[in-house]
Amino acid sequence: MKYFGTDGIRGKANVELDHDLAYRTGFALGTLLGEELGRRPLVFIGRDTRISGGMLEAALTAGLCNSGADVTALGVMPTPAVAWLTATGEADAGIVISASHNPFEDNGIKIFGGAGYKLTDREEERIEAMIDGHPGSEKTGAELGMVRPFRGGDPAADYVRHVADTAPCRLIGLRVAVDCANGAASATAEQLFRALGADAVIINREPDGVNINEGCGSTHIGGLQELMRTGRFAIGAAFDGDADRCLLVDETGEVIDGDHIIGILAEHMKNSGRLKGGVVGTILTNLGLHAFLEQRDIPIQSTQVGDRYVLEKMREQGWNIGGEQSGHVILSDFATTGDGQLTAVQVLCAMKLGGKTASELNRMMESFPQVSVNVPVDNRRKNEVASLPQVQAVAEEIRQTFGGAGRVVIRPSGTEPKVRVMVEGRDRELVGQLAQKAAQTVRRAVEQP
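Description of the structure in this document. Keep in mind it's a predicted model, so treat the numbers as computed, not measured.

Definitions and cut-offs
Residues numbered from 1 in each chain as written. Predicted model: local features only at pLDDT ≥ 70, side-chain atom pairs only at ≥ 80, totals over all residues. Heavy atoms only, no water. Salt bridge = Lys/Arg side-chain N within 4 Å of Asp/Glu carboxyl O. Helix = DSSP H or I, 4+ residues; strand = E, 2+ residues; numbered from the N terminus. Buried < 20%, exposed > 50% of the residue type's maximum accessible area, 1.4 Å probe, protein only. Core = buried A, V, L, I, M, F, W, Y, C linked by side-chain atoms within 4.5 Å. Pairing = 2+ DSSP bridges. Axes fitted to C-alpha atoms, helices over the stretch in contact; angles between N-to-C directions. Lys, Arg positive; Asp, Glu negative; His and termini not counted. Contact = heavy atoms within 4.5 Å. Phe/Tyr/Trp six-rings, centres within 6.5 Å; stacked < 30°, edge-to-face > 60°. Lys NZ or Arg CZ within 6 Å of the ring centre and 35° of its normal.

**Examining the pattern of salt bridges**
Here is step 1 of the chain: Going through the model one piece at a time under the given rule, you end up with 37 salt bridges.
Here is step 2 of the chain: Ionic pairing is found between Asp20 and Arg24, a salt bridge with its closest N-O pair at 3.0 Å. You can see Asp20 and its partner Arg24 sitting in helix H1 (residues 19–37), 4 residues apart, about one turn around the helix.
Here is step 3 of the chain: Accessibility expressed as a relative area gives 37% for Asp20, which makes it partly exposed.
Here is step 4 of the chain: Put simply, Glu90 and Arg151 hold a salt bridge, and the shortest N to O gap is 3.6 Å. In this pair, Glu90 sits in the loop between helix H3 (79–88) and strand S5 (93–97) while Arg151 sits in the loop between helix H4 (121–133) and helix H5 (155–165), placing the two residues 61 residues apart along the sequence.
Here is step 5 of the chain: Overall, Glu90 belongs to the partly exposed group, its relative accessible area being 38%.
Here is step 6 of the chain: Looking at Arg151, the relative accessible area reads 56%, which means it is exposed.

Quick look at the structure:
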């Protein structure tokens, strides 16, 4: 598609994603909703803490109102909070203005339908067609949409109560370090962990518009690891800019990634009789998780990369846990999308109820060595790279080297101008060498005209 990637529309603010595109997106969405519903639609808008968020919110709001839709601005709000509020409230759609884990210069537009799920490819294609075609007329007079206040109190407090209510235990006596990435979790994390009785120290919670994800959060977790090595905390939790991801750090400073989190929760859910079916992962899910689940008679299925595809498979199978190594974990009994704070709460409860330390939980699963290299590639070319003959040749050479005991994945990023190379096997040194070889092949391929 021209505008939508694996996680909505994304690009540098006022470059690939400017106020005009935001306006046209809002107008297209509002027009389509009005046609389908036969009435005035209501759209919720939330955003993370990027400096460009207010500008894009104003443009989206203008487009929506000019299409005849009403808008409720939720302010700074985690992505999963907007999805949940949309699904449980009176909204017909929800929009999140965020570029997730990307640097502050980027921004994005994610759209949820009235049930709280991300749009299908077909729905996004319809919006794209209208963005470019801009059919329909802008409303006038009483047909114009209006900006309406949120009904029912404080949306952030409502979301915090929802997540707290999912916890099967209190967290009294548990000392936790929480990294908000100077992002959307800054608006909710302290209230959530306080509500559950945890002794929580909240860091990176002072956003200034440009420090989101800057040297902090789930994509820059080194600072939290150092804090954990002081011995003052039982576990640490790190979110990304819009708080739909969570990575954890155990008391020794070791990272508990998304695959380990899924393994911990799947076993806990099975033991407590709450697991429905099995686990949905992606083509990048570590082979160690496959082995861990197989030992426990828990089935696993894989999809292409992207939490939307994980959720589609979960809904198809009727399963209630899935996710990605990056920390997107979907617990569909409670949420319609990845939710970092919900994930953290569930793992902390598994830890407390099971009487195990974070490191004991982390060591239950052994990961295969896995090396990922990101190669910068222009958005206009990244989708063709994996099909280039020289890239296909090096991928096949790596597969032959492993002889079935490893794998290579070369794919375009759905959110950034990059091609991602991942190599996995049992021999760490060999894996690293082959990953660099594949990445170098990609670099040379894209340098050619």
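**What to know about the nonpolar core**
Here is step 1 of the chain: Core analysis: the biggest nonpolar cluster contains 65 residues, and Phe193, Phe239 and Leu248 have the highest contact counts within it.
Here is step 2 of the chain: Looking at this core element by element, the count peaks at 8 residues for helix H11 (residues 340–354).
Here is step 3 of the chain: Counting residues in hydrophobic clusters, the runner-up holds 28 residues, among them Phe4, Cys65, Ala69 and Ala93.

**Some words on unusual backbone geometry**
Here is step 1 of the chain: For Ser100, which is not glycine, the phi dihedral falls at a positive 55°.
Here is step 2 of the chain: In this structure Ser100 comes out as buried when scored by relative accessible area, which is 1%.
Here is step 3 of the chain: Within the chain, Ala243 stands out as a residue other than glycine whose phi angle is a positive 65°.

**Let's talk about the sheet that holds strand S12 (residues 279–282)**
Here is step 1 of the chain: One open sheet accounts for 4 strands, arranged S13-S12-S14-S15; its pairing is mixed. Unpaired on one side and paired on the other, strand S13 (300–303) and strand S15 (329–331) mark the two borders of the sheet. Each neighbouring strand pair of the sheet contributes to a mean axis angle of 20°, computed without reference to strand direction.
Here is step 2 of the chain: Of the strand pairs in this sheet, S12 and S13 are connected by 4 bridges, and their pairing is parallel. Residue pairing in the sheet places Thr282 in a bridge with Thr303 of S13.

**Side note on the side chain of Glu324**
Here is step 1 of the chain: Residue placement: Glu324 occurs in the loop between strand S14 (321–323) and S15.
Here is step 2 of the chain: This buried residue, Glu324, is left without a salt bridge; Arg245 holds the nearest opposite charge, at 6.1 Å.
Here is step 3 of the chain: Among residues more than four places away in sequence, those in contact with Glu324 are Gly258, Asp259, Ile262, Thr282, Val305, Gly306, Asp307 and Val310.

**Let's talk about the packing of aromatic side chains**
Here is step 1 of the chain: One pass over the full model with this rule turns up 2 aromatic pairs.
Here is step 2 of the chain: Judged by centre distance (6.4 Å) and plane angle (15°), the ring pair of Tyr23 and Phe27 falls under stacked. On the criterion of helical spacing, the pair formed by Tyr23 and Phe27 is a turn pair, its members being 4 residues apart in helix H1. For the pair Tyr23 and Phe27, a shared accessibility class is recorded, and that class is buried.
Here is step 3 of the chain: A cation sits over an aromatic face here: Arg296 above Phe292, 3.7 Å from the ring centre.
Here is step 4 of the chain: The aromatic ring of Tyr117 is capped on one face by Arg315, whose charged end is 3.6 Å from the ring centroid.

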